[in-house]
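What follows is the residue order along each chain.
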Amino acid sequence: MNANSVFNSNLKAAQQPTWPDQGAVDAVVKELATYPPLVFAGECDNLKEKIAQAAAGNAFWLQGGDCAETFVAATADSVRNRIKTILQMAAVLQYFSSLPVVKVGRMAGQFAKPRSNDSETRNGVTLPAYRGDAVNDLEFTKEARTPNPKRLLKVYNTSASTLNLVRAFTQGGFADIRQVHSWNKGFAADARFSARYEEMANEIGRALQFMQSAGVDPEAFKSVDFYSSHEALILEYEKALTRIDSRTGNAYDVSAHFLWIGERTRQLDGAHIDFAEKIHNPTGVKLGPKTTPEEALAIIKKLNPKNEPGRLTFISRMGATLIREKLPPLVEAASKSGASVLWVCDPMHGNTYEAPSGYKTRKFDDVLDEVRGFFEVHKKLGTHPGGIHIELTGDDVTECVGGGDQISHEDLATRYESACDPRLNHTQSLELAFLVAEMLRDHKK
Ligand code: PEP
Ligand code: MN
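Residues numbered from 1 in each chain as written. Chains lettered and ligands numbered in written order. Predicted model: local features only at pLDDT ≥ 70, side-chain atom pairs only at ≥ 80, totals over all residues.

Overview of the site of ligand 1
Argument step 1. Around ligand 1, a shell composed of Cys67, Pro114, Glu231, Gly262, Glu263, Arg264, Lys286, Arg317, His349 and Asp421 is seen.
Argument step 2. Among the residues making up the shell around ligand 1, the classes are represented as two nonpolar, two polar and six charged. (Near = placed C-beta within 6 Å. Nonpolar A, V, L, I, M, F, W, Y, C, P; charged D, E, K, R; others polar.)

Quick notes on the sheet that holds strand 8 (residues 258-261)
Argument step 1. Within the closed barrel, the eight strands sit side by side as 1-2-5-8-9-10-11-14. Their pairing is parallel. Taken pair by pair, the neighbouring strands of this sheet meet at an average axis angle of 25°, ignoring direction.
Argument step 2. Bridging between strand 9 (residues 283-287) and strand 10 (residues 312-316) involves five bridges; their strand directions are parallel. For Gly284, the partnering residue across the bridge sits in strand 10 and is Thr313. (Pairing = 2+ DSSP bridges. Helix = DSSP H or I, 4+ residues; strand = E, 2+ residues; numbered from the N terminus. Axes fitted to C-alpha atoms, helices over the stretch in contact; angles between N-to-C directions.)

Section: helix 6 (residues 191-213)
Along an α-helix, residues three or four positions apart point the same way, because every turn accommodates 3.6 residues.
Argument step 1. Helix length check: helix 6 (23 residues) gives 33 Å between terminal C-alpha atoms against 33 Å at 1.5 Å per residue, within 8%.
Argument step 2. For helix 6, the set of buried residues is Phe193, Tyr197 and Ala201.
Argument step 3. Gly215 lies just past helix 6 and shows a positive phi near 95°. (Expected span 1.5 Å × (residues − 1). Buried ≥ 20, exposed ≤ 12 C-beta atoms within 10 Å, placed from the backbone.)

Describing the packing of helix 9 (residues 293-303) against helix 10 (residues 323-337)
Argument step 1. Contact pair helix 9 / helix 10: the axes reach a minimum separation of 9 Å and the direction vectors enclose 45°. Relative to helix 10, the element helix 9 lies oblique. As helix 9 packs across helix 10, the resulting crossing turns out to be right-handed. In contact with Pro293, Ala296, Leu297 and Ile300 of helix 9, helix 10 contributes Pro329, Leu330, Ala333, Ala334 and Ser337.
Argument step 2. Considered class by class, the residues forming the contact of helix 9 with helix 10 number eight nonpolar, one polar and no charged. (Parallel < 35°, antiparallel > 145°, perpendicular 65-115°, else oblique. Left-handed = near helix turned anticlockwise from the far one by under 90°. Contact = placed C-beta atoms within 7 Å.)

Regarding the pairing of strand 3 (residues 119-122)
Argument step 1. Two elements, strand 3 and strand 4 (residues 125-128), share four bridges in a ladder whose sense is antiparallel. When the sheet's bridge partners are listed, Glu120 is paired in strand 4 with Leu127.
Argument step 2. Following strand 3, the chain reverses through two residues before pairing antiparallel with strand 4; Asn123 in that reversal takes a positive phi of roughly 45°.

Re the nonpolar core
Argument step 1. With 114 residues, the main nonpolar core has Leu62, Leu93 and Val341 as its most contacted residues.
Argument step 2. The dominant element in this core, judged by the number of residues it contributes, is helix 3 (residues 76-97), at nine residues. (Core = buried A, V, L, I, M, F, W, Y, C linked by C-beta atoms within 7 Å.)

Here is the structure:
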């Protein structure tokens, strides 16, 4: 069976590029359909089980990476620094909460962006908006900004090479918890968080030695499960990589383990939700402050009618000022319906603003406050604050203001590299992990 026959092709798909030549798109789709899967459906099922554990309160979800990956930044150093940052954050969260941490990269496929405007005007010149490297190039010229479907082939190839390196790092010993010290090396880290991290790493080292002396096989620590995820946005790409799993006869989008549908494309009668409904991967949906409880319930009914644990994750992105008001009715409605849902907090997308210099930024304190609000809501309702979704990089960029090294609006120009939204840098990510770890530990008390 052709996997594409499972989708309803008559529905409207929001946020799709205006490709200049449909014939060229069809040729690319045909080619992509012959490529091998990037992930195995069985891995998606394993992740689903872990999400089910997290939804039940027995694990914590950590998802992080670029807002928009780019082809040029898919280098060994950049991938390694992102992995190290996520591994460090996971170690901190796990150490202080004693909960297993499900590690997921916004990585190896996060190349397409929804935009508020279809076009951008500079000095009287109007060109198509940058929609991510999957579609066009950031450079402001007509040639660069014209959507080019051949880029989708490069998305596949760059995702494959990134994922290959991720797998090498996480299976080959680099992510072994015994390497907890080495993940901190090479970072020009803020002394306070670095010292705190080293202290924790020493404790972990001692605990490992103790376990080893008690006969625990250290080989068990060697490899680590690390999953890939991105927003399922460009449906031609995602559908071309949807295959029928030979074990079960079910459709899986084998471009990543976990896919999510964004705030701008989650229309109940739209093509993205139809797509999410038909694939068997664990799937997320972003929920902004306008979401009503009825809408959340309708999404649950559509995407997880059989209430399969681990299948559905809600990623709320309310903004620090709204989360305490807007999240409770949604969580209450879902709980009352008996649905198994993993609640994840994205404290990034509701807290973006433009600095006086014109840079898109976020305040570290707003990010932190939204996570704090998320924990407060779940404490009150007796539900599990299941995880966090963070835009981050392992590099010392200056894109978000505040945090331990007090990045100011004036500092933003020093090293602003994001192709889209501002990311927490390495120090800010580690600082956030320590603060969230405390919240998680206190929540469990
Ligand atoms: C994103 O995750 O980069 C994004 C665009 O988010 P949202 O759909 O929540 O706006
Ligand atoms: Mn973003």
